[in-house]
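# Close look at the chain arrangement
For reference, the chains in residue letters:
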Amino acid sequence: MTAKVRTRFAPSPTGFLHVGGARTALYSWLFAKKMQGDFVLRIEDTDQERSTEESLQKVLSDLKWLGYDWQEGPEVNGPNQPYFQSQRQAIYQEHAERLLKAGKAYYCFCSDERLESLRETAKKEGRSPQYDGHCRKVSKEEAKERLAAGEKATVRFQIPEEKDHYVFQDLIRKEVKFPKEMVGDFILLRSDGMPVYNFCCAVDDALMNITHVLRAEEHLSNTLRQIMILEALDYPLPQFGHLSIILGADKQKLSKRHGATSCHEYAERGFLPEALSNFLALLGWSHPEGKEIMPLEELVETFSLDRVHGSPAVFDEEKLKWMNSQYLRALSNEDLWQRIQPFLTAAGLDFSDAPEDWKNKTLDVFKSSMETLVDAVALYQNMSDAHFQVDEEACAEVLSWDTTKAAMEVWLQGLKDLSGDYLSEEDFLSLQDKVKSDLGVKGKHLFMPLRVAVIGKPQGAEMKLLVPLLAKSSLQKRVEIVLEKI
RNA sequence: GUUCCCAUCGUCUAGAGGCCUAGGAUGCCACCCUUUCACGGUGGAGACACGGGUUCGACUCCCGUUGGGAACGCCA
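Quick notes on the rules
- Residues numbered from 1 in each chain as written.
- Chains lettered and ligands numbered in written order.
- Predicted model: local features only at pLDDT ≥ 70, side-chain atom pairs only at ≥ 80, totals over all residues.
- Heavy atoms only, no water.
- 1 Å grid on protein atoms, 1.4 Å probe; cavity = no way out; pocket = protein on both sides within 12 Å on 5 of 7 lines; lining within 4 Å.
- Points joined across faces, edges and corners; volume = space filled by probe spheres on them.
- Helix = DSSP H or I, 4+ residues; strand = E, 2+ residues; numbered from the N terminus.
- Nonpolar A, V, L, I, M, F, W, Y, C, P; charged D, E, K, R; others polar.
- Pairing = 2+ DSSP bridges.
- Axes fitted to C-alpha atoms, helices over the stretch in contact; angles between N-to-C directions.
- Near = heavy atom within 4 Å.
- Polar contact = N/O pair within 3.5 Å; in protein donor to acceptor, adjacent residues only side chain to side chain.
- Domains from an automatic or database assignment.
- Expected span 1.5 Å × (residues − 1).
- Buried < 20%, exposed > 50% of the residue type's maximum accessible area, 1.4 Å probe, protein only.
- Contact = heavy atoms within 4.5 Å.
- Salt bridge = Lys/Arg side-chain N within 4 Å of Asp/Glu carboxyl O.
- Phe/Tyr/Trp six-rings, centres within 6.5 Å; stacked < 30°, edge-to-face > 60°.
- Lys NZ or Arg CZ within 6 Å of the ring centre and 35° of its normal.

## Here's the deal with the layout of surface pockets
Reported here for the largest pocket is a volume of approximately 1,100 Å³. Elements with a minimum of two residues in the lining of the largest pocket: β1 (6-9), α1 (19-34) and β8 (212-216). At four residues, α1 tops the list of elements feeding residues into the lining of the largest pocket. Partitioning the lining of the largest pocket into residue classes produces 13 nonpolar, 14 polar and ten charged.

## Quick notes on the sheet that holds strand β7 (residues 187-189)
An order of β3-β4-β7 is seen for the three strands of this open sheet, with the pairing classed as antiparallel. The sheet is open, and its two borders are formed by β3 (105-108) and β7, each paired with just one other strand. Pairs of neighbouring strands in the sheet enclose a mean axial angle of 40°, with direction left out of account. In this sheet, strand β4 (residues 154-157) lies alongside β3 in antiparallel orientation, the contact comprising four bridges. Note on β4: the bridge partner recorded for A105 is F157.

## Comments concerning the protein's contact with RNA strand B
Surveying the vicinity of RNA strand B reveals 60 residues, the closest of which are G126, R173, R190, Q252 and E292. Counted by atom, the contact set of RNA strand B within 4 Å of the protein is 70% sugar and phosphate. Within the side chain of R173, a nitrogen or oxygen atom sits 2.3 Å from a sugar or linking oxygen of RNA strand B. A distance of 3.5 Å separates a phosphate oxygen of RNA strand B from a polar atom in the side chain of W322.

## Considerations on the domain arrangement of chain A
When cut into domains, chain A gives domain 1 (88-243) and domain 2 (334-483). The distance between the C-alpha centroids of domain 1 and domain 2 comes to 67 Å.

## Quick look at helix α16 (residues 404-417)
Between its first and last C-alpha atoms α16 spans 20 Å; for 14 residues at 1.5 Å apiece the expected length is 20 Å, and the two agree. Along α16, the residues classified as buried are T404, A407, M408, V410, W411, L412, G414 and L415. Where the residues of α16 are buried, they touch α15 (392-400), α17 (425-439), α18 (444-455) and α20 (472-483).

## Things to note about the pattern of salt bridges
Pairs can form between side chains of opposite charge whenever their charged atoms are close. Per the stated rule, a full pass over the model turns up 35 salt bridges. R50 is the partner of D47 in a salt bridge, and the nearest nitrogen-oxygen pair spans 3.1 Å. What makes D47 partly exposed here is its relative accessible area of 25%. Where R339 meets E274, a salt bridge forms, and the shortest distance between an N and an O atom there is 2.8 Å. Of this pair, R339 sits in helix α12 (residues 333-346) while E274 sits in helix α9 (residues 273-281); the two residues are 65 residues apart in sequence, bridging distant segments of the chain. Shared partners join several salt bridges into a network, and the residues in it are R8, R42, E44, R88, D204 and D205.

## Some points on the packing of aromatic side chains
Using the criterion set out here, one finds 16 aromatic pairs in the structure. Relative to F315, the ring of F279 has its centre 5.0 Å away and its plane inclined at 80°; by these criteria the two rings are edge-to-face. One end of the pair, F279, is in helix α9; the other, F315, is in the loop between β11 (313-314) and α11 (317-330), with 36 residues separating them in the sequence. A relative accessible area of 4% places F279 in the buried class. Since its relative accessible area comes to 8%, F315 is described here as buried. Note on W337 and Y380: the rings are 5.4 Å apart at their centroids and 80° apart in plane angle, and the pair reads as edge-to-face. A residue pair is termed long-range when its members are at least 10 positions apart, and W337 in helix α12 and Y380 in helix α14 (residues 375-381) qualify at 43 residues. Pair check on accessibility: W337 and Y380 agree, each one buried. Each residue in the set W337, F351, W358, F366 and Y380 is aromatic and connected to the rest through ring pairs, giving one cluster. Geometry around F109 places R146 over its ring, the cationic atom sitting 4.2 Å from the centre. One residue, R225, lies across the ring of F186, its end atom 5.7 Å from the ring centre.

Here you go:
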């Protein structure tokens, strides 16, 4: 029997969850679910300068919004706690001690200035800028004395001499081979005693029994360091899989200057988590039959690492929008209303007292023209008298027609003549007919003026569906406002 | 600069030597539906980076070139 699959996602709490991070989390989560294993969440907060409690909450809430639940980690805890690296100091200290004792690590007293000039020289000579091993020759006794005297020192890992190359089988890229010289003696513990990413990561992956590490390609060279650490510590290696980078439209690594890059921003812009996940899943993975719209549960069923490929993908927001609209239309009206409500409220629109039937009918009418939840705002503004305004630029042509004014006057009179608070579809159609026969107008000269009289815009949803959803009194008010503009 | 990764329509991708006249999706265009817009339907334009091999046969395998990306921190 093979060991239970355990994947992990290890964000550092320094801001909102990035979409690249979200994809890494998604793949790790999908693979764990698919293999009926565990998905572990570990917080890499060893950089005290940048890590904040606020960011942690953001990352956690983004993950929850996306629906990737973790079996071990913050809030749920588990047998390998704590899951915050900042609370695992003693563990790293102890491991550093072990390496120090075994002569696989050493204290380094080099100054920042020396390190800096080292990098510059290397760069000038066209070499990889890495540490020269200067402090390897400081004896343990000397180090002890200098430390006791109050000198600050980092602990560096001593690159093993035995192998020329390190080779590992990447789950996505097959064989990856690194020359040993690719890295210099790197730092394990900072001079203030805080451990550094590569060290914590390697130790924790081993201690938490992680079997599969899925992460972004930018970590490829870190993998070499982590393999070295793991081997020096005599710990088993997890399997590594390096996902390609997500690119912006200019083919550069997706970053702030490309616009929205955090999941949170997409949430705010009215994207559905299921659509974002689905879209992200398709950035580097494909369904065997080419299926594209798949909710999370179906993704779990069909996901496999052998269909993940290693070439970088451009994040195409147009396709995300399309996908979002597909999910939007598949939602029940009740569900959809729940989701648009916060956006309406934020825009100062309150339809909470509206009858269910009205909500249903408006949604039926508007659903097909929404790409994101935010689009609902403009649509429902049309339904609010307080937000009614004439788009003069768009209406200019319609308002300039000779027959427009007369058409609106007949429409207004017709409204007045009708009894009841609302028009039925039939009421509307016969009134429309009346305008047509009274004035002899037809086609756009008939429809456009009426539409402008109703929503202040020459284009929009089908009138016979829209009009019965507006109170007669408000229809009257609106046409009166428009008439003043002529 | 060094090392590593990557290379099919604008974009996301299918393709594991003959099934490829290179398929799907998105975006774009046209037409249909619709007395508007949108939705929906139908159709169209649109790609194997280049050069060498290997092979009877290469989008698929190998090498090189070019191009793109990433990493080279007391960040993660």
